[in-house]
Amino acid sequence: MPAATGSRAEASERVREAIVSATVRIVAREGVSAVTHRRVAAEAGVALSSTTWHFGDKADILIAALRWTARREVTRIAAIADRLGAEEFDAAAWAEELGDWLLEQVSGEREVAVALYRLQTELLGRPEARQVHEEWGEGLRALGERVLESSRTITPDLDTRLVVAALDGLRLSVLSAGDAETSWLRPAVQRQLRALLG
């Protein structure tokens, strides 16, 4: 009996994940207004009843999609921190890694990044969205503090906030302009980290 319950719970989680990732794709391609239970069910390849079972209304689906994109970002940055290890902080290595990450954000991960901004704008001011932003910020700041422990900075929290804001601004400027020319991104990240962290 418990095994059946476990596999049922796992199947339910896979359906929920399919619904959320389908929502992200719809938001990226067509905007938030295109999100309906019926449209998401069709995109996810699940029954309409599955979307209403997992999410009571459109706002619930959008919050879940925002949380999914935010967690994905923290996970990707954490993977960079794990790759670079606990060695002494190396601004050049971090600049290279974050430059690669940013280029991926505006190319291969473009759909997710566009959805992230559209979701943030749509949900601005909602308590649930504020909670997601708090979790997101805490995750990035915790990573920043861990990474900057071995740096010369005396303000790791402030420096992390500045780096995150600058990367966010660079990403948004490329996505907004639809600029295919991105060769300037990596040098911009390198200059920014050198200026902030030496």
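About the thresholds
- Residues numbered from 1 in each chain as written.
- Predicted model: local features only at pLDDT ≥ 70, side-chain atom pairs only at ≥ 80, totals over all residues.
- Heavy atoms only, no water.
- Helix = DSSP H or I, 4+ residues; strand = E, 2+ residues; numbered from the N terminus.
- Contact = heavy atoms within 4.5 Å.
- Areas by Shrake-Rupley, 256 points an atom, 1.4 Å probe, with all protein chains shown as cover.
- 1 Å grid on protein atoms, 1.4 Å probe; cavity = no way out; pocket = protein on both sides within 12 Å on 5 of 7 lines; lining within 4 Å.
- Points joined across faces, edges and corners; volume = space filled by probe spheres on them.
- Nonpolar A, V, L, I, M, F, W, Y, C, P; charged D, E, K, R; others polar.
- Axes fitted to C-alpha atoms, helices over the stretch in contact; angles between N-to-C directions.
- Parallel < 35°, antiparallel > 145°, perpendicular 65-115°, else oblique.
- Left-handed = near helix turned anticlockwise from the far one by under 90°.
- Core = buried A, V, L, I, M, F, W, Y, C linked by side-chain atoms within 4.5 Å.
- Buried < 20%, exposed > 50% of the residue type's maximum accessible area, 1.4 Å probe, protein only.
- Expected span 1.5 Å × (residues − 1).
- Polar contact = N/O pair within 3.5 Å; in protein donor to acceptor, adjacent residues only side chain to side chain.

Draft legend 1. Just the overall build of the protein, in detail. Within the protein, the secondary structure is distributed over nine helices and zero strands. Starting at the N terminus and walking to the C terminus, you meet the elements of the protein as α-α-α-α-α-α-α-α-α. Here the C-alpha coordinates of the protein stretch approximately 55 × 45 × 30 Å along the principal axes. For the protein, long-range pairs separated by at least 24 residues make up 70% of all intrachain contacts whose partners lie at least 6 apart in sequence. With the model as given, the accessible surface of the protein reaches about 10700 Å², and the carbon-plus-sulfur share is 54%.

Draft legend 2. The layout of surface pockets, seen in detail. Roughly 470 Å³ of volume is contained in the largest pocket. Along its surface, the largest pocket is lined by 29 residues, and L140, T160, V163, V164 and L167 are the ones closest to its centre. If one sorts the elements of the lining of the largest pocket by residue count, helix 7 (residues 127-148) sits on top with eleven residues. Of the residues in the lining of the largest pocket, the class split is 16 nonpolar, five polar and eight charged.

Draft legend 3. Region of the structure containing empty space enclosed by the protein. Following the criterion strictly, the structure yields one cavity of 30 Å³ or more and no others. Of the volumes computed, that of the largest cavity is approximately 60 Å³. The set of elements that each furnish at least two residues to the lining of the largest cavity consists of helix 4 (58-84) and helix 6 (110-123). No other element matches the four residues that helix 4 contributes to the lining of the largest cavity. Counted by class, the lining of the largest cavity contains three nonpolar, two polar and five charged residues.

Draft legend 4. Fine view of the packing of helix 4 against helix 5 (residues 91-105). Closest axis-to-axis distance for the helix 4/helix 5 pair is 11 Å, and the angle between their directions is 150 degrees. Taken as axis vectors, helix 4 and helix 5 run roughly antiparallel relative to one another. For the pair helix 4 and helix 5, the crossing hand works out as right-handed. Residues E73, R76, I77, I80, A81, R83 and L84 of helix 4 touch helix 5, and the partners they reach there are A93, W94, E97, L98, W101 and Q105. Here the residues of the contact of helix 4 with helix 5 are counted per class, giving eight nonpolar, one polar and four charged.

Draft legend 5. Structural detail: the nonpolar core. In this structure, W94, L98, V189 and L193 are the most contacted members of the largest nonpolar core, which totals 61 residues. Contributing elements (two or more residues each) for this core: helix 1 (2-30), helix 2 (37-44), helix 4, helix 5, helix 6, helix 7, helix 8 (156-177) and helix 9 (185-197). Considering each element in turn, this core owes the most residues, 13 residues, to helix 4.

Draft legend 6. Summary view of the packing of helix 8 against helix 9. Orientation of helix 8 relative to helix 9, taken along the N-to-C sense of each, is 160 degrees, at an axis distance of 11 Å. Considered as vectors, helix 8 and helix 9 are oriented roughly antiparallel to each other. The chirality of how helix 8 crosses helix 9 is right-handed. In this structure, helix 8 uses D159, L162, V163, A166, L167, L170 and V174 to contact helix 9, whose residues at the interface are L185, A188, V189, Q192, L193, L196 and L197. When the residues that make up the contact of helix 8 with helix 9 are grouped by side-chain class, the tally is twelve nonpolar, one polar and one charged.

Draft legend 7. Geometry of helix 4. With 27 residues, helix 4 extends 40 Å between its outermost C-alpha atoms, agreeing within 8% with the 39 Å of an ideal straight helix rising 1.5 Å per residue. Where helix 4 begins, one side-chain oxygen reaches toward the backbone nitrogen of A59, 3.2 Å away; that side chain belongs to D57. Two residues or fewer past helix 4, G85 is found with a positive phi of approximately 70 degrees.

Draft legend 8. Expanded view of the side chain of R171. Note on placement: R171 falls in helix 8. With residues up to four places along the chain from it excluded, the contact list for R171 reads E73, W101, L102, Q105, V106, A113, L116 and Y117.

Interpretation in functional terms is not warranted from these geometric data alone.
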